[in-house]
Amino acid sequence: MGVYVSVRGWLECDGAQLAAVREIISAHADDHYSHGWSTPRRQVNWTHYVFYGADIRESALDWFARQLGEIARIPASDGDGDLVRGLFLAGREVGGTTEWQVRDGRLAIAPADVRHRYLDE
């Protein structure tokens with residue numbers, strides 16, 4: 001049957017970066033796990049948020065990581081120099097939870113803090 005991973009988290013960006021995020025997500029669309037991506041119905045103030053939540057097969061984690069890696073490399077769109085940033089938790093049925101940070105133009109993956117264990121019980 002395979003091992004499943006509960007992936008949930010969000011990205012923060014500006015309007016110009018949001019367009020690039022959407023392009024990357026579309027380029028990786030698979031008509032299944034790509035349906036886990038969502039955005040608010042209406043923009044509130046200046047920060048744009050993009051959310052992901054789905055239980056995916058462990059074999060699809062590379063698909064997800066490639067997207068986040070590309071998204072992390074989206075350049076700043078204004079003089080502030082703000083890059084896309086985000087946080088995701090990937091909870092495995094076996095092997096525990098990892099934290100996926102989108103920051104500083106890259107994707108960093110590390111074991112999640114024990115405080116997040118309650119999410120996978």
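A quick note: this is a predicted structure, and the numbers were derived from the prediction, not measured.

Caption draft 1: Molecular detail of the pattern of salt bridges. Tallied over the full model, the rule gives three salt bridges. Salt-bridge contacts for Glu-12 lead to Arg-85; the nearest nitrogen and oxygen are separated by 3.0 Å. Here Glu-12 is found in strand 1 (residues 4–13), whereas its partner Arg-85 is found in strand 4 (residues 85–92), with 73 residues between them in sequence. Take Glu-12: its relative accessible area is 18%, and that puts it in the buried class.

Caption draft 2: Quick look at the side chain of Ser-34. By the secondary structure assignment, Ser-34 is in the loop between helix 1 (15–27) and strand 2 (37–38). Taking relative accessible area as the criterion, Ser-34 reaches 12% and is therefore assigned buried. Filtering out sequence-adjacent residues up to four positions away, Ser-34 remains in contact with Ala-29 and Trp-63.

Cut-offs and rules
- Residues numbered from 1 in each chain as written.
- Predicted model: local features only at pLDDT ≥ 70, side-chain atom pairs only at ≥ 80, totals over all residues.
- Heavy atoms only, no water.
- Salt bridge = Lys/Arg side-chain N within 4 Å of Asp/Glu carboxyl O.
- Helix = DSSP H or I, 4+ residues; strand = E, 2+ residues; numbered from the N terminus.
- Buried < 20%, exposed > 50% of the residue type's maximum accessible area, 1.4 Å probe, protein only.
- Contact = heavy atoms within 4.5 Å.

The values are spatial; any link to function lies outside them.
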